[in-house]
Structures are given as C-alpha cells and as structure tokens.
There are 2 protein chains.
Amino acid sequence: MQAVKADSNRNIARARAHSNIAFIKYWGNRDQQLRLPASSSLSMNLADLYTTTEVEWSASAERDSVSIDGVPATGAVLARVQRHLHALRRRFDINQSARVTSRNNFPMGAGLASSAAAFAALTLAATAALRADVTEKELTSLARLGSGSAARSIPAGYVQWHRGDSHESSFAESIAAPEHWQLVDVIALVSRAHKSVGSTRGHASAASSILQEARIRSAGTRLAALKRALLQRDFATLARITEEESNLMHAVMMTSQPPLFYWEPQSLRIMRAVRRWRLEAGIQVCYTLDAGPNVHCICLSEHAAAVADRLGGLLPGIEILQSKVGGGATVLGRESALG
Amino acid sequence: MQAVKADSNRNIARARAHSNIAFIKYWGNRDQQLRLPASSSLSMNLADLYTTTEVEWSASAERDSVSIDGVPATGAVLARVQRHLHALRRRFDINQSARVTSRNNFPMGAGLASSAAAFAALTLAATAALRADVTEKELTSLARLGSGSAARSIPAGYVQWHRGDSHESSFAESIAAPEHWQLVDVIALVSRAHKSVGSTRGHASAASSILQEARIRSAGTRLAALKRALLQRDFATLARITEEESNLMHAVMMTSQPPLFYWEPQSLRIMRAVRRWRLEAGIQVCYTLDAGPNVHCICLSEHAAAVADRLGGLLPGIEILQSKVGGGATVLGRESALG
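From a predicted model like this one, the values you see are computed outputs, not experimental measurements.

Listed by partner, the interface residues are 27 residues for chain A and 27 residues for chain B. Where chain A touches chain B, the interface holds two salt bridges. The residue E264 of chain A makes a salt bridge to R272 of chain B at a minimum N-O spacing of 3.6 Å. The tally of links between chain A and chain B comes to eight residue pairs in polar contact (both at pLDDT 80 or more). Of all the secondary-structure elements, those providing two or more residues to the side of chain A that touches chain B are α5 (212-217), α7 (235-254) and α8 (265-281) of chain A.

So this is what it looks like as structure tokens:
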C-alpha cells in the first residue's frame, strides 16, 4: 500500500489489488456477519491477476452504482457491494453514494479469488477517495468485511491473516516480501464457468461437516509449520502441507450437508500428476485448489516452464494462467480513468 | 450357510462366498493383528461376484499349497493365506497342511472386495473339510482374521459386522434376507488394475488422518440411521448416508500420511453424474467406492437397466458388472472338483 497525497477536490480514487492463493486455507467462519474466520490463513499475492477499481463518492448521486467489467451490477452482486459500502460509510461517518467501476484481468468466480482482489481494491479505493487516514492493518480488517480473503490482498507478498476474535483483531499482515522467494503459481483453468455455490454460502456450510472441527483444531499447527518452511525456503515441507491443507478443505466440502464437490475429473487428474511430477520427476511443484475446479500449481520460478509444458501435455489445449508473487494493494491515482 | 453331511473319508470340501459392498464402511482397525475394526459396518452381499474355494487337509503334505485362478500363489499372497491357515490350525488343534484351490469370477484387487469373498470361502471350506462343528457366528469371526470384511461375506443378504472388543465379540450377522429388498449393484469398472496400496496397509494408515477420529466417533449414528432406512426400504435416506459414508472414508484416505487417492478422474465423473441422476432425474441410485477406483452404483432393481445405460452414455465402452443382492457362504460339496 502506498500513501498518495490528495490532488483534487473530487472524492475520487483508483486502486489496484491482486488476487491471492492460500497455502493455509480459509474455510468456515466463527462469525458469519463479521467474517471472523474459523482459523488463521496464509497466502501469497498473485502479481499477474488483479482488479482495478475506481470509487467516487458523491453527495448528489441518489444511490450507489456499480459496474464490473463494463456491465452494471445487479441483484446479489450489487447488494454485496452495497453492504460493503454501507460498512465503510458507517466507519467514516459519511452519507454519500458511491460510483464504483471495477475491472478484472482474469475470470471471476472460478476459484481464482476474484472477490479477494475486488474487495481489497474497493476498500482501498473507497478510503483513498475519502482521504481517510487509515492504517494498513485497519484496511485489512475493513476489506475482510466484504470478503474474508480480501484481507490478505492488502499487504504485500506472503501474507498471514490472523483469525482474531473481534473486528479489530482479525487482520492480515505481510510475513515476507515478494523478493523473499520467487514462487510462481501456474494455474490450470479447468473451467471458466462461474461456480454454482459461491464461497460465502460455502463458508456457512463448513460446520455441517463432521470433519471441520478436527481440521480447525489442527490448523494452527499446520500454519506454524508452513510459515517456518516459507521463511526457510523449504519447498518440500511447503508442498506437503499445502497439498494436505487443500485435501483437508475439500474433504470438509465434500462431506458438508449437502456435499460440495468443487473438483472436476480434470482437477483430480492434474492433482495426481502434480504429485507424481514432484515425487518421481523431482519438479518442485505442488497443487492447491480453492472453492473451484482450477488447479493452482505452486512451483519454484525455475520450474514454471516445465510445469506449464507438462500441463499442456497432460491435457492438450488446456488454458493456463501464470503469476509471480505480487505486491500489496496500491492507490493508482486520484483522477478518473476507468469508464 | 448350509450344513452338509460328511460323505467321504478325505478331509476335503468346496465352498462359495460372495463379495460384498459396504454402505457403512470399514476403514481402520483398533487391533491390527486381530482385525478388530475401528467401527461397525454394514453391507450387502453380491450374488454375482463370488469366489469358489476347495480345501484339502492332509497329514502327508509337507507344506501348504495355494492356487488362485490357476496360478500358484507366492510371496505376500501365499504368506497371508498361510497365516490364516495357521489361525485355523490353532483353533481346531490340527497339524496338517492344506491344499487350497480358489477361483474368482471377477477381477481381484480392484476394489471389488476380492479378499472378502476369498477369505470367507477359504474359512468355510477349511472348516467344512475338517467336519468341524462351528456356528455361523464363529465362522464370521474366523473369516475376519483373514480379511476384516470377509466376516460380512459369511451371513446372507444384508449384513452388519459388530465392531466388538475381542475376537469373539467382533462378528457379523444378517439383518435382512436378500428377499427383503431387491437392490442391485451396477459396478462401473473404471480400472481392472491391481490397486497400488492394498486395504491391509490402508487400514493401518487410517489413524494418520486427523479426520479419522471424527469419522469413527459418528459412525454408530450413521449405521443406526442407515439400518433403519434399509429395514424400512427408504431409498432416499439410504442413498444420502451411503454417499456420505463413501465421501467420509475417502476424505480420511486422501488426508492420511502419505495420502491415498483411490479415486480416478473417471470415478469422480461417475460420482457427480450419479448424484445428478438421483436428484434431477429421479433415478433411485447412489454411489459408493471401496479402496479402489470402481464405482458401485446401488439402485433399485427396476432402475438397474437405466443406470447401466446412462453409465454407457457417460463413458462409452466402460466395462460394467451387475449384481443382485446375494445369499450367504455355502458349502458346495465334499468331493474334489477344482483343479
């Protein structure tokens, strides 16, 4: 996050935030309203997948307007953004409507954490437009209200989101800069389709799995071990825990009532192959999946080309996205630029 | 089980036992040596998948010999059969060697519970050849020593294996005859390959999953509910719990250390389709998988043809086995007939 001086009388600002991919997962809330998570999580930002959002506050506009990728938002999407704008209005004690214009450079709702990037960018742009004096820590808590994992898209590089037990104590912070370790996420886009059960509803169902409690009880141990591996650049340990975490979260999803199956047959095929590549071919790569069918292949940067090659060989024609580890959310400017 | 009168002086007998498919699963042991399971289980016998085994005890033979599907058994397979023969020799206080000849009418080691049918048939043939006076209850406990789920292949129809806490109290019994409900198992043979991690090793790894404890703790509740559904012929409830049980067991497998992935991409494809057929097309069918990639589609007999048709449409060319609910293990005769 960068501080930017006010240079206009209009309450307008643009910000950019990256998507992130979690090694230690967020699945299930202790407090659904405040999005206080059942456990702490840990992720890396994705430099090449981002949302750019412009917010203008206006006393004259009658209501909020929201445009995403050039299309006016309606229904549940609009309502969710408005709820977040209400929370920001309450926090900053204002009574204005907002014009929100947002663009993603990657497909929404397909397990690529589009809501993380979106609500991080929205929160930063909205506060910057107000010239509000907000710490990075508070920004992460505010972003969390819109989408839990958005908290992790505010700080730079590798980020830990502390579970906390209140709005203020549930925040995210960087534990290592992007330069610490050049990991790459090679994403196999199994499907661009919008997922049928969104994360918010999914989080609410997590507790209906008899397995969730055991997963949460042991999450802190896995986070500590993975954090140590990350700080020591110990890929083998990071890979083992990352895959275990993904398997545990999907185990909970598949045993929820009703069960949530985010894996597609091709997802499973890639997961099995990635494990073989690491254990039998020595390629430093592991898999993790969010609430969607796409497979994130986390690897050392020097192995990214080999991973992409092998994915293409395994599933000819499959679409692949690739991203280096990214920085934090940034204010781009205080003039209108997005239409 | 049928009683057969001795009609020869040779200590020889042939018996047949069916494979079975569990609705409430057996995965993990409290006592690995005695194969005392972590939880009780419930299954149906498969009339059309069976093993026929002939046993001849002989004072003159120097050592046990074992032939399976015409091939002399060696290595780990031979050793496992011999361990079981030792247990039977101890129980019946004899000192003879056995000649064992066994034939399966279905592929071994592909998640079709070949060891259940095999050790049930072996146990019954071996005791019948001895003219031993053994109750069905004790036969189930003896079969269990060879392969846990073999206990369930001794009684007829729908069978519950009581977990127990000793050799004697861990036994199986029929809870409903085959005539009670004409369920059919339509098996999609995703792979005939022998599984890479056998069930015995798998059972030993179950406790390494942090999810196993929660699964076991709640297994009794699921068994009681499924048993009630079975006795009331309530297919919707049976389907829901059967799929949940399968998902729970595979969740434990996938989160063991190291993880065990028995699902193939095609298994997942079929699972997802079966669920759709039931919930959207009203076909009374549900899925369950054992420690292998093949998908058992349990359905009402009047829907079996539709299920087989749809499987063929989903995966053209896939091999399908089909079985009605079967009776208990039976002695076929006391003369030599298998070569």
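On to the domain arrangement of chain A, then. Residue and element names in this part refer to chain A. Here chain A is partitioned into domain 1 (10-179 + 331-337) and domain 2 (181-324). Each of domain 1 and domain 2 has a C-alpha centre, and the two are 23 Å apart. In this assembly, 37 residues from domain 1 lie in contact with 50 residues from domain 2. Seen at the junction of domain 1 and domain 2, the total is two salt bridges. With a shortest N-O distance of 4.0 Å, D48 and K324 are connected by a salt bridge. If you look at where domain 1 meets domain 2, you find 16 residue pairs in polar contact (both at pLDDT 80 or more). Contributing elements (two or more residues each) for the side of domain 1 that touches domain 2: β1 (12-24), β4 (41-58), β8 (158-161) and β9 (172-176). Top element by residues in the side of domain 1 that touches domain 2 is β4. It accounts for eight residues. Residues belonging to the side of domain 1 that touches domain 2 are distributed by class as follows: 21 nonpolar, eleven polar and five charged.

This part takes up the relation of the copies chain A and chain B. Each copy of the sequence occupies a distinct position, and chain A is placed on chain B by a rotation of 180 degrees and an axial shift of 0.0 Å, giving an RMSD of 0.0 Å. Taken together, the rotation and translation describe the operation of a two-fold axis. When C-alpha distances to the rotation axis are compared across chain A, the minimum falls at P265 of chain A, with a value of 2.1 Å. A shared binding surface is used by both copies, with 100% of the interface residues of chain A retained as interface residues in chain B.

Scoring rules and cut-offs
Residues numbered from 1 in each chain as written. Chains lettered and ligands numbered in written order. Predicted model: local features only at pLDDT ≥ 70, side-chain atom pairs only at ≥ 80, totals over all residues. Heavy atoms only, no water. Contact = heavy atoms within 4.5 Å. Salt bridge = Lys/Arg side-chain N within 4 Å of Asp/Glu carboxyl O. Polar contact = N/O pair within 3.5 Å; in protein donor to acceptor, adjacent residues only side chain to side chain. Helix = DSSP H or I, 4+ residues; strand = E, 2+ residues; numbered from the N terminus. Domains from an automatic or database assignment. Nonpolar A, V, L, I, M, F, W, Y, C, P; charged D, E, K, R; others polar. Least-squares fit on C-alpha atoms with pLDDT ≥ 70 in both.

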